[in-house]
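Coordinates in review
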Amino acid sequence: MAEEHAREELGSTGAPEEDELVQAFDRIVGQGAQRLHRTWREVLTTGLAGGLEVGIGVVALFAVYAETGSHLLAGLAFSVGFIALLLARSELFTEGFLVPVTAVVAGRAGIGQLAKLWAGTLVANLVGGWLVMWVVVHALPDLGATAVESATTFVDAPLDLRAVCLALLAGSAITLMTRMQQGAESEAGKIVAAVAGAFVLAGLVLFHSILDSLIIFAGIHAGGPFGYGDWLAWFWYTTLLNMAGGLLVVTLLRLVRSKDLIEREREAVADGR
């Protein structure tokens, strides 16, 4: 009886870490390895679907902002896009920091596979988003003015301390959303995390490389006084800072916290398990 009681106190895994951490780590490594071993066809089609689904969230954002003028309410409306991503199992570039990187560090995949996932998903997200924004602007021309107004916030933003912090926060927020979803035991919990992530990103108008690129594309399609050069001047630093926020703030802390588990996993790989 005393041994059973001690076992309950220590947790069911027999490891010094909390049971929940071990289980979440195993899920992250398993899912990350699966994503990193996709073919180019799978990477591109999943990323294309992700861009299309985020675009649906942008439509909802435009519609609510046009009616209310509230970024916070529009951010809640945008959660439709993240919920669609979650339930459809599509891929968003900025969701590819915590899970795939952990799988690489644990020895279950290589750097080349990570680069393929990132590059393919990023390009496919942008192509899918560009297409759906073209359709939206032509299907719902009344939203064109809202698209131009929203896009101007980003293309006119100078590269200063505020812009750097907004982009770093965006990368951290969406990677934290990913971590929350990995820790959730139910679909309801994952949906709550998606809504929270959308509210922070879109409601606070953080600089997010994919979401806000779609907004800029919509503004361009609607005839806004800016072009793809203006988008690219904003996009390059936002993407790098999103990566810095997601990798250095959230992912790195989780890797340090899971150091013993990573070593265990690397030993298992070396043993052929």
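These lines cover the structure that appears in this document, whether it is placed above or below.

Rules behind the numbers
Residues numbered from 1 in each chain as written. Predicted model: local features only at pLDDT ≥ 70, side-chain atom pairs only at ≥ 80, totals over all residues. Heavy atoms only, no water. Helix = DSSP H or I, 4+ residues; strand = E, 2+ residues; numbered from the N terminus. Rg over C-alpha atoms; globule rule 2.2 N^0.38 Å. Areas by Shrake-Rupley, 256 points an atom, 1.4 Å probe, with all protein chains shown as cover. Buried < 20%, exposed > 50% of the residue type's maximum accessible area, 1.4 Å probe, protein only. Salt bridge = Lys/Arg side-chain N within 4 Å of Asp/Glu carboxyl O. Phe/Tyr/Trp six-rings, centres within 6.5 Å; stacked < 30°, edge-to-face > 60°. Contact = heavy atoms within 4.5 Å. Axes fitted to C-alpha atoms, helices over the stretch in contact; angles between N-to-C directions. Parallel < 35°, antiparallel > 145°, perpendicular 65-115°, else oblique. Left-handed = near helix turned anticlockwise from the far one by under 90°. Nonpolar A, V, L, I, M, F, W, Y, C, P; charged D, E, K, R; others polar. Expected span 1.5 Å × (residues − 1).

As a further point, take the overall build of the chain. What the chain contains, in helices and strands, is 12 helices and zero strands. Against the globule reference of 19 Å for 273 residues, the chain gives a C-alpha radius of gyration of 20 Å, in line with a compact fold. Reported as C-alpha extents along the three principal axes, the dimensions of the chain are approximately 70 × 35 × 35 Å. Counting every atom, the chain has about 12500 Å² of accessible surface; 66% of that belongs to carbon and sulfur.

Here we come to unusual backbone geometry. You will see that arginine 89, though not glycine, has its phi angle at about 60°, which is positive. Looking at where arginine 89 falls in the secondary structure, it is placed in the loop between α4 (71–88) and α5 (98–105). If you check the backbone angles, valine 205 has positive phi at about 55° while not being a glycine. One can find valine 205 in the loop between α9 (187–203) and α10 (211–221). You can call valine 205 buried: its relative accessible area is 18%.

This next bit is on the pattern of salt bridges. The full count for this structure, using the stated rule, is eight salt bridges. Put simply, glutamate 91 and arginine 35 hold a salt bridge, and the shortest N to O gap is 2.3 Å. Note that glutamate 91 is positioned in the loop between α4 and α5 and arginine 35 in helix α2 (residues 19–36), a separation of 56 residues in sequence. When sorted by exposure, glutamate 91 lands in the same class as arginine 35, which is buried. In this structure, arginine 89 engages glutamate 187 in a salt bridge whose closest nitrogen and oxygen atoms are separated by 3.1 Å. Residue arginine 89 is located in the loop between α4 and α5, and its partner glutamate 187 is located in helix α9; the two are separated by 98 residues in the primary sequence. Sharing partners across several salt bridges, the network here consists of Asp26, Arg108, Arg264 and Glu265.

This part is about the packing of aromatic side chains. Any pair of aromatic rings gets described here by the distance separating the centres and the angle formed by the planes. Taken as a whole and judged by the stated rule, the model has 10 aromatic pairs. Consider the rings of phenylalanine 93 and phenylalanine 97, whose centres lie 5.6 Å apart with planes at 85°: the pair is edge-to-face. In this pair, the class of phenylalanine 93 matches that of phenylalanine 97, namely buried. Following the ring pairs from residue to residue traces out a cluster consisting of Phe217, Tyr228, Trp231 and Phe235.

Quick look at the environment of alanine 268 now. For alanine 268, the location among the structural elements is in helix α12 (residues 259–270). For the pair formed by alanine 268 and glycine 69, sequence separation is 199 residues and the distance between their alpha carbons is 54 Å. Ignoring any residue separated from it by four or fewer positions in sequence, one finds alanine 268 in contact with Arg108 and Arg273.

Once that is clear, we can look at the packing of α2 against helix α8 (residues 161–183). Direction vectors running N to C along α2 and α8 enclose 110°, while the axes themselves pass 9 Å from each other. The angle between the axes of α2 and α8 places the two elements in the roughly perpendicular class. In this structure, α2 meets α8 at a crossing whose hand is right-handed. Of α8, the residues touching α2 (which contributes Leu21, Ala24, Arg27, Ile28 and Gln31) are Arg179, Gln182 and Gly183. In the contact of α2 with α8, the residues fall into three nonpolar, three polar and two charged.

Our focus in this paragraph is the side chain of threonine 238. Structurally, threonine 238 is set in helix α11 (residues 228–257). Residue threonine 238 is classed as buried on the basis of its relative accessible area of 0%. When sequence neighbours within four positions are dropped, the list of residues in contact with threonine 238 reads Ala167, Phe207, His208 and Ser209.

Another aspect to go through is α9. Taking 1.5 Å per residue, 17 residues should reach 24 Å; α9 reaches 23 Å between its end C-alpha atoms and fits that length. Every buried residue of α9 is accounted for by Ala193, Ala194, Gly197, Ala198, Leu201, Ala202 and Gly203. Along its buried surface, α9 packs onto α3 (40–68), α4, α8 and α10. Of the residues one or two after α9, valine 205 is the one with positive phi, at around 55°.

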